[in-house]
Amino acid sequence: MVDIAIDRCSRIETERLVLRKWELADLDGLAEMNADPRVMEFYPSVLSRAESEKMLVRYMEAQQREGFCYSVIAKKRSGRFLGYCGLKVPGYQDHLSFGPCVEIGWRLLHSEWGKGFATESAQMWLGFGLETLKLNEIVSFTPVQNSRSEKVMQRLGMVRVEEFAHPMLEDGHRLKRQVLYKMTRQR
Ligand SMILES: CC(C)(COP(=O)(O)OP(=O)(O)OC[C@H]1O[C@@H](n2cnc3c(N)ncnc32)[C@H](O)[C@@H]1OP(=O)(O)O)[C@@H](O)C(=O)NCCC(=O)NCCS
């Protein structure tokens, strides 16, 4: 699967976007996005530049290991970094009642919200995962308060399965209750 994924998804174009592998030069855009409290409202905290750098290295390693990982969304014309979207194996999947699994996720610079970029990228990645990688299903989850993210799941035609308690967050954490959606190959 790793060979297939690396061969076929190193760079993909959609109508307005380029979806491509991470490069070290993406650190500036990633760090700007991860330091923005509006973008990070539904994550435990904003990230420092050093934390974003570690994340970038983790994603580049996962890309090599699994053949895919959340990938960069860039503007087709300018090549500008807009955010990320894609498939990922959660590092803590053994703790998830619905694991093992492949998830789909997204994060955009705040200036790029409201333009349809997350949905446009995710449509491509869902199709890639289900049709090319032949995954049986792809899941997505987000804190119950994150209605913008849940709306992306709904626009993609994913089906709401349940609410669950995120196993990696302590009891009482404001983000503990999460909503789980899934898309199956059959669907
Ligand atoms: C979650 C997130 C990616 C959603 O971004 P978004 O811009 O709302 O979603 P999309 O990119 O799919 O854009 C859809 C919106 O663009 C609008 N739009 C404008 N032009 C459009 C076009 N040409 N095509 C499609 N939609 C368009 C749609 O009407 C929709 O707006 P609405 O939700 O007000 O109805 C964004 O809020 C984000 O990065 N949040 C922080 C990170 C995060 O929480 N990630 C999820 C963690 S699980």
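On a predicted model such as this, the values are computed, not experimentally measured, just so you know.

Cut-offs and rules
Counting restarts for each chain: residues are numbered from 1 in the order of the written sequence. Reporting of local features is limited, given that this is a predicted model, to residues whose pLDDT is at least 70; pairs of side-chain atoms are given and counted only at 80 or more, and all residues count toward the totals for whole chains, interfaces and linings. Hydrogens and water molecules were not included; the side-chain quantities draw on all heavy atoms of the structure. The near set for a molecule or strand comprises every residue that places at least one heavy atom within 4 Å of it. A 3.5 Å cut-off defines polar contacts: any pair of N or O atoms within that distance qualifies, except that in protein one atom must be a possible hydrogen donor and the other a possible acceptor, and neighbouring residues in sequence count only when both atoms are side-chain atoms. All accessibility values rest on the Shrake-Rupley procedure with a 1.4 Å probe; residue burial counts only the protein chains present in the view. The numbering of helices and of strands both runs from the N terminus, where a helix is a DSSP run of H or I of at least 4 residues and a strand a run of E of at least 2. Residues are grouped as follows: Ala, Val, Leu, Ile, Met, Phe, Trp, Tyr, Cys and Pro are nonpolar; Asp, Glu, Lys and Arg are charged; all remaining types, including Gly, are polar. Only protein chains enter the accessibility calculation, which uses a 1.4 Å probe; a residue is then buried when its area is under 20% of its type maximum, exposed when over 50%, and partly exposed in between. Two strands make a pair as long as DSSP finds a minimum of two bridges between them. To form a nonpolar core, buried Ala, Val, Leu, Ile, Met, Phe, Trp, Tyr and Cys residues must be joined to one another through side-chain atoms within 4.5 Å. Here, two residues are considered to be in contact whenever any of their heavy atoms come within 4.5 Å of each other. Aromatic pairs are defined between Phe, Tyr and Trp rings, using the six-membered ring for Trp, whenever the two ring centres lie within 6.5 Å; interplanar angles under 30 degrees are classed as stacked, those over 60 as edge-to-face, and all others as tilted.

*Asks:* Help me out: how do you make sense of the site of the ligand in this one?
*Replies:* Close to the ligand lie 21 residues, the nearest being Gly-114, Ala-118, Thr-119, Asn-146 and Arg-148. The side chain of Arg-155 places a nitrogen or oxygen atom 3.1 Å from an oxygen atom of the ligand. The fraction of the free accessible surface of the ligand (960 Å²) that becomes covered by protein chains is 72%. Elements supplying a minimum of two residues to the shell around the ligand: strand S5 (103-108), helix H4 (117-132), strand S6 (137-143) and helix H5 (147-155). The dominant element in the shell around the ligand, judged by the number of residues it contributes, is H5, at five residues. When the residues that make up the shell around the ligand are grouped by side-chain class, the tally is nine nonpolar, six polar and six charged.

*Asks:* Help me understand the pairing of strand S4 (residues 81-88), please; the structure alone is not making it clear to me.
*Replies:* In the case of a regular strand, side chains alternate between the two sheet surfaces. Where burial is concerned, most of S4 is hidden: eight out of the eight residues are buried. Where strand S3 (residues 71-75) meets S4, four bridges bridge the pair, whose relative direction is antiparallel. Bridge assignment links Ala-74 to a residue of S4, and that residue is Phe-81. Once S3 ends, the chain turns through five residues before running back antiparallel as S4, passing Gly-79 with a positive phi of about 80°.

*Asks:* Sorry if this is basic, but what is going on with the nonpolar core here?
*Replies:* Soluble, globular proteins show a tendency: their nonpolar side chains are buried together. Counting 30 residues, the largest nonpolar core has Leu-87, Ile-104, Trp-106, Trp-125 and Met-158 as the members making the most contacts within it. When contributions to this core are tallied by element, the ones reaching two or more residues are strand S2 (17-20), S4, S5, H4, H5 and strand S8 (177-184). Per element, the largest residue contribution to this core is eight residues, and it comes from H4. In this structure Met-158 touches Ile-104, Leu-126, Ile-138, Val-139, Ser-140, Met-153, Tyr-181, Lys-182 and Met-183, once residues within four positions along its chain are discounted. One finds Trp-22, Met-55, Phe-81 and Leu-109 within the second-largest nonpolar core, a separate group that totals 18 residues.

*Asks:* Please explain the packing of aromatic side chains as it appears in this structure.
*Replies:* Each pair of aromatic rings is reported with the distance of its centres and the angle of its planes. If you walk through the whole model with that rule in mind, you get 10 aromatic pairs. Here Phe-141 and Phe-164 contribute two aromatic rings whose centre-to-centre distance is 5.7 Å and whose plane-to-plane angle is 80°, an arrangement assigned as edge-to-face. Of this pair, Phe-141 sits in strand S6 while Phe-164 is found in strand S7 (residues 159-165), placing the two residues 23 residues apart along the sequence. Judged by relative accessible area, which is 7%, Phe-164 ranks as buried. Pairwise contacts between aromatic rings join Trp-22, Tyr-59, Tyr-70, Phe-81 and Tyr-84 into one cluster.

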